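Take a look at the letters that make up each chain.
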Amino acid sequence: MHEKHQPCKIKFCVLHTRLMLLHDSRNDDGIKSFFQEVHELYIKVLLNPLYLPGSRITSSHFDTKVRALARKYL
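Because the structure is predicted, anything quoted here is derived from the model rather than measured. (Residues numbered from 1 in each chain as written. Predicted model: local features only at pLDDT ≥ 70, side-chain atom pairs only at ≥ 80, totals over all residues. Heavy atoms only, no water.)

Could you clarify how one ought to interpret the overall build of the chain in this entry?
When its secondary structure is counted, the chain shows 2 helices and 2 strands. Order of helices (α) and strands (β) in the chain, N terminus to C terminus: β-β-α-α. By the burial criterion, 23% of the 74 residues in the chain qualify as buried. If you take every contact in the chain between residues at least 6 apart in sequence, the share linking residues at least 24 apart comes to 39%. For the chain, the exposed surface amounts to about 6200 Å²; the carbon and sulfur share of it is 54%. (Helix = DSSP H or I, 4+ residues; strand = E, 2+ residues; numbered from the N terminus. Buried < 20%, exposed > 50% of the residue type's maximum accessible area, 1.4 Å probe, protein only. Contact = heavy atoms within 4.5 Å. Areas by Shrake-Rupley, 256 points an atom, 1.4 Å probe, with all protein chains shown as cover.)

Here it is, written out as structure tokens:
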């Protein structure tokens, strides 16, 4: 549901898990690029033999990279 008085928009990217981005940007190309690169990072996590599927991602490296991508694209 989208309410008119809310200034933010919500975008979803569905993988095996869901990523949600709450934003007020109108840069759809940047949002698309952000989700593409986060998806690549996520796949790298899944391919790690030490990662237990379905578990929470607690890597500070992953968090740092996602934050850097947010600064770059959003």
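Explanation requested: the confidence of the model for the chain in the structure shown.
For any part of a model where pLDDT is low, the fine detail of the predicted coordinates should not be relied upon. Across the chain, the average pLDDT comes to 79, with 77% of residues at or above 70. Strand β1 (residues 9–14) is the least confidently modelled element of the chain, averaging 54 in pLDDT, while helix α2 (residues 60–73) averages 94, the highest of any element. Note that pLDDT drops below 50 for residues 1–5; the model gives that stretch 1 contact with residues more than four away or on any other chain. (pLDDT = per-residue confidence, 0-100.)

Sorry if this is basic, but what is going on with a nonpolar patch on the surface here?
Nonpolar side chains collect at one region of the surface, where Ile 43, Leu 46 and Leu 47 lie side by side and expose about 260 Å² of accessible area between them. Checked against the element boundaries, Ile 43 lands in helix α1 (residues 28–47). (Patch = residues over 30% accessible without salt bridge, like charges linked within 9 Å, V, L, I, M, F, W, Y side chains within 5 Å. Salt bridge = Lys/Arg side-chain N within 4 Å of Asp/Glu carboxyl O.)

Got a minute to help me understand the nonpolar core in this structure?
If you look at the biggest cluster of nonpolar residues, it comprises 11 residues: Leu 21, Ile 31, Phe 34, Phe 35, Val 38, Leu 41, Val 45, Tyr 51, Phe 62, Leu 69 and Tyr 73. For this core, the elements supplying multiple residues, two or more each, are α1 and α2. With 6 residues, α1 is the single largest residue contributor to this core. (Core = buried A, V, L, I, M, F, W, Y, C linked by side-chain atoms within 4.5 Å.)

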